[in-house]
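# Reading the structure
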Amino acid sequence: MKPDLFQSPDYYNLDDLLTDEHKLVRDSARAWVKREVSPIIEEYAQRAEFPKQIIKGLAEIGGFGPYIPEQYGGAGLDQISYGLIMQEIERGDSGVRSTSSVQSSLVMYPIWKYGNEDQRMKYLPKLATGEFIGCFGLTEPNYGSDPGSMITNFKDMGDHYLLNGAKMWISNAPFADIAVVWAKNEDGRIHGLIVERGMEGFTTPETHNKWSLRASSTGELIFDNVKVPKENLLPNKSGLGAPLGCLDSARYGIAWGAIGAAMDCYDTALRYAKERIQFDKPIAGTQLQQKKLAEMITEITKAQLLTWRLGVLRNEGRATTAQISMAKRNNVDMAINIAREARQILGAMGIIGDYSIMRHMMNLESVITYEGTHDIHLLITGMDITGIPAFK
């Protein structure tokens with residue numbers, strides 16, 4: 001197993017913009033990834049398995065709900081700290097970051113924001129420690145970019161709700177203890193329901209044969225006349241805006257996380273280019289390789305500035321959905337292009353598991369699609385600047 005020699009690029013001295021707490025949080029997460037994720041992740045990706053033994057460590061570094069208030073088991077950190085944690089985890093692997101950001105932004109966030117005090121106290125502390133793992137049910141087999149057309153529904157049966165339907169492409173589903181599920185009531189209004197493993201009629205078949213996010217556990221959520229207690233309805237927000245508010249938080253984390261994947265590819269390619277001798281000199285001394293590396297660090301630096309500013313806006317409660325969409329789209333696109341260029345620098349060595357680049361590249365093919373496709377985020381920006389929706 002090759003040692004993790006990663007060195008984080010900081011071309012514009014962005015550390016000067018971070019507080020001591022930010023740097024402590026980031027460095028703790030970075031050290032944990034080097035120690036616990038990097039040595040095992042290639043093996044787990046090759047066999048398409050999520051390393052469940054890292055769940056406790058993810059919790060300890062603040063990977064589960066770092067911005068959730070301490071009274072509910074969270075760390076009470078700010079949004080920049082949250083972003084830095086996602087950056088470091090995705091530097092290790094996008095699939096591991098998916099587990100972390102789903103737990104944080106798609107499970108803990110809606111319970112915190114849309115739930116009542118009983119729900120917060122029942123679920124959040126156990127989610128924060130990793131005792132419970134959660135998943136988020138929005139996407140359906142026939143409705144991805146158009147979640148408002150979902151079919152999953154529930155009926156009021158007097159003393160409980162009866163839930164029917166199915167969700168697809170759900171991270172953490174095969175081993176999740178709870179699912180925050182979005183479904184329509186009899187009036188067609190979308191609500192969030194907390195569904196617990198063990199409820200009769202609730203199953204979570206695993207999705208196999210993935211070429212991407214292989215170290216992430218993905219599955220379906222099937223609801224066949226599931227009796228959901230009425231106290232499991234999230235009472236404080238309904239409508240499509242409720243799940244989309246969760247996605248804002250998750251997309252913000254992805255914008256940071258993608259930088260981590262890009263930095264890992266860049267750092268690997270830079271080190272390799274300095275060591276690889278062809279025609280009696282390191283390939284780093286050739287113009288074409290320097291062009292690739294110079295463009296990589298430029299794009300990473302631009303993305304770092306974009307997300308730092310977005311983090312400031314999030315801390316101030318001023319970040320818009322469209323601003324988050326821009327960062328998610330830009331940064332994932334940046335990362336996938338850097339992965340492809342880095343793979344070329346390594347030549348044939350870039351496709352094997354001795355290096356992380358091909359794994360990052362395959363993972364990013366999912367990241368550029370999930371939680372709003374590349375094209376959908378472009379249209380969100382377009383609607384924001386023109387005032388005219390072009391989704392249909």
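Here the residue index of a chain counts from 1 through its sequence in written order. In keeping with the model being predicted, local features are shown solely for residues with a pLDDT of at least 70 and side-chain atom pairs are shown and tallied solely at 80 or more, while totals for entire chains, interfaces and linings include all residues. Side-chain numbers come from the whole structure's heavy atoms, not from hydrogens or water.

## Points about the UniProt feature "domain: Acyl-CoA dehydrogenase/oxidase N-terminal" (unreviewed entry) in the protein
- UniProt positions are given in the numbering used here, feature names are shortened, and annotations may be inferred rather than shown by experiment. Here the UniProt-annotated "domain: Acyl-CoA dehydrogenase/oxidase N-terminal" (unreviewed entry) positions come out as residues 19–131.
- The distance separating the terminal C-alpha atoms of residues 19–131 is 31 Å; by composition the span is 69% helix and 0% strand. The way it works is that DSSP assigns letters per residue, a run of H or I at least four long becomes a helix, a run of E at least two long becomes a strand, and they are numbered from the N terminus.

## Regarding helix H4 (residues 79–92)
- Helices are assigned an expected span. That span is 1.5 Å times one less than the residue count. Over its 14 residues, H4 extends 20 Å from the first C-alpha to the last, a length consistent with the 20 Å expected when each residue adds 1.5 Å.
- For H4, the N-terminal cap is aspartate 78; the gap from its side-chain oxygen to the backbone nitrogen of isoleucine 80 is 3.4 Å. Any N or O atom pair separated by 3.5 Å or less is treated as a polar contact, with the protein-specific requirement of one donor-capable and one acceptor-capable atom, and with residues adjacent in sequence counted only for side-chain atom pairs.

## Some thoughts on helix H1 (residues 20–37)
- In this model, H1 (18 residues) spans 25 Å end to end at C-alpha, consistent with the 26 Å of a helix rising 1.5 Å per residue.
- Each residue gets one of three labels from its accessible area relative to the maximum for its type: buried under 20%, exposed over 50%, partly exposed in between, using a 1.4 Å probe on protein chains only. Listing the buried residues of H1 in full gives His22, Val25, Arg26, Ala29, Arg30, Trp32, Val33 and Val37. Viewed along the axis of H1, the buried residues span an arc of 165 degrees, placing them on a single side of the element. The exposed residues of H1 that point more than 90 degrees off its buried face are Asp20, Leu24 and Arg35.
- By definition, residues are in contact when any of their heavy atoms lie within 4.5 Å. Considering only its buried residues, H1 is in contact with helix H2 (41–46), helix H3 (55–60) and H4. Think of the arc as the fan of directions from the helix axis to the C-beta atoms.

## Quick look at a nonpolar patch on the surface
- Like charges are joined within 9 Å and nonpolar side chains (Val, Leu, Ile, Met, Phe, Trp, Tyr) within 5 Å, but only among residues with over 30% relative accessible area and no salt bridge; these make up the patches. Using a 1.4 Å probe, accessible areas were evaluated by the Shrake-Rupley method; residue-level cover was limited to the displayed protein chains. A pair is scored as a salt bridge if a Lys or Arg side-chain nitrogen falls within 4 Å of a carboxyl oxygen belonging to Asp or Glu. Taken together, the side chains of Tyr11, Tyr12, Leu17 and Leu305 present a nonpolar region at the surface, about 450 Å² in accessible area.
- Among the structural elements, tyrosine 12 can be located in the segment before H1.
- Residue tyrosine 12 is classed as exposed on the basis of its relative accessible area, which comes to 55%.

## Thoughts on the environment of serine 28
- With respect to the helices and strands, the residue serine 28 is situated in helix H1.
- Taking relative accessible area as the criterion, serine 28 reaches 38% and is therefore assigned partly exposed.
- In the structure, serine 28 is positioned 32 residues away from glutamate 60 in sequence and 9.7 Å away in space, judged by C-alpha atoms.

## Points about the nonpolar core
- As used in this record, nonpolar core signifies buried Ala, Val, Leu, Ile, Met, Phe, Trp, Tyr and Cys residues forming a set joined through side-chain atoms within 4.5 Å. Counting residues in each nonpolar core, the largest one holds 63 residues, and the members touching the most others are Ile111, Leu124, Leu127 and Trp182.
- Per-element accounting of this core gives the leading share, 9 residues, to helix H5 (residues 94–114).
- Excluding its chain neighbours within four sequence positions, the residues that come into contact with leucine 124 are Ile68, Tyr72, Met108, Ile111, Trp112 and Gln119.
- The next biggest cluster of nonpolar side chains, apart from the first, holds 36 residues, and it includes Ile259, Ala273, Ile338 and Ile357.

## Here we look at the packing of aromatic side chains
- What counts as a ring pair is set by centres within 6.5 Å for rings of Phe, Tyr and Trp (its six-membered ring), and what kind of pair is set by the plane angle: stacked under 30 degrees, edge-to-face over 60, tilted for all other angles. Taken as a whole and assessed by the stated rule, the structure comprises 13 aromatic pairs.
- Ring centres 5.4 Å apart and planes at 15 degrees place the aromatic pair phenylalanine 50 and phenylalanine 175 in the stacked group. Residue phenylalanine 50 is found in the loop between H2 and H3, and its partner phenylalanine 175 is found in the loop between strand E3 (160–171) and strand E4 (178–184); the two are separated by 125 residues along the sequence.
- Residue phenylalanine 50 is classed as buried on the basis of its relative accessible area of 5%.
- Taken together, a centroid distance of 6.4 Å and an interplanar angle of 75 degrees make the contact between tyrosine 67 and tyrosine 109 edge-to-face. Here tyrosine 67, found in the loop between H3 and H4, pairs with tyrosine 109, found in helix H5; they are 42 residues apart in sequence, far enough to count as distant. An identical accessibility class is assigned to tyrosine 67 and tyrosine 109; each is buried.

## Comments concerning the layout of surface pockets
- Only protein atoms enter the 1 Å grid used here. Points where a 1.4 Å probe fits but cannot escape make up a cavity, open sets with protein on both sides within 12 Å along at least five of seven lines make up a pocket, and a residue lines them when an atom lies within 4 Å of a point. Grid points are joined across faces, edges and corners, and a volume is the space filled by probe spheres set on the points. In this structure, the largest pocket encloses a volume near 1200 Å³.
- Lining the largest pocket are 40 residues, and of these Thr139, Gly144, Ser145, Glu371 and Gly372 sit closest to its centre.
- For the lining of the largest pocket, the secondary structure elements donating two or more residues are H5, strand E1 (134–137), E3, helix H7 (241–275), helix H9 (321–346) and helix H11 (374–386).
- If you tally residues by element for the lining of the largest pocket, the top one is H7, at 5 residues.
- In the scheme used here, Gly and all other residues not listed as nonpolar or charged are polar, with Ala, Val, Leu, Ile, Met, Phe, Trp, Tyr, Cys and Pro taken as nonpolar and Asp, Glu, Lys and Arg as charged. Class assignment for the residues of the lining of the largest pocket results in 19 nonpolar, 14 polar and 7 charged.
- Estimated volume of the second largest pocket: approximately 520 Å³.
- What lines the second largest pocket is a set of 23 residues, and nearest its centre among them are Lys2, Pro3, Asp4, Asp354 and Tyr355.
- The set of elements that each furnish at least two residues to the lining of the second largest pocket consists of H2, H4 and H7.
- With 6 residues, H7 is the single largest residue contributor to the lining of the second largest pocket.
- Grouping the amino acids of the lining of the second largest pocket by side-chain chemistry returns 8 nonpolar, 5 polar and 10 charged.

## Describing the packing of H4 against helix H10 (residues 357–367)
- Only the contacting stretch of a helix is used when fitting its axis, a line to C-alpha atoms as for every element, and angles between N-to-C directions run 0 to 180 degrees. Across the interface, H4 lies against H10 with an axial gap of 10 Å and an inter-helix angle of 125 degrees. With respect to H10, the axis of H4 lies oblique. For the pair H4 and H10, contact is made by Glu90, Arg91 and Gly92 and by Arg359, His360, Leu364 and Val367, respectively. Note that the term roughly parallel is reserved for angles under 35 degrees, roughly antiparallel for angles over 145, roughly perpendicular for angles of 65 to 115, and oblique for everything else.

## Digging into the side chain of aspartate 264
- Summarising the element assignment, aspartate 264 is placed in helix H7.
- Judged by relative accessible area, aspartate 264 falls into the buried class, the value being 7%.
- In this structure the side chain of aspartate 264 is engaged in a polar contact, spanning 3.0 Å, whose partner is the side chain of histidine 360.

## Regarding the pairing of E4
- A large share of E4 lies buried, amounting to 7 of its 7 residues.
- Here E4 shows a buried face lined by Ile178, Val180, Trp182 and Lys184 and a second buried face lined by Ala179, Val181 and Ala183.
- Across 4 bridges, the pairing between E1 and E4 is parallel. When the sheet's bridge partners are listed, phenylalanine 136 is paired in E4 with valine 180.
- Pairing between strands requires that DSSP locate at least two bridges from one strand to the other. Two elements, E4 and strand E5 (residues 190–196), share 7 bridges in a ladder whose sense is antiparallel.

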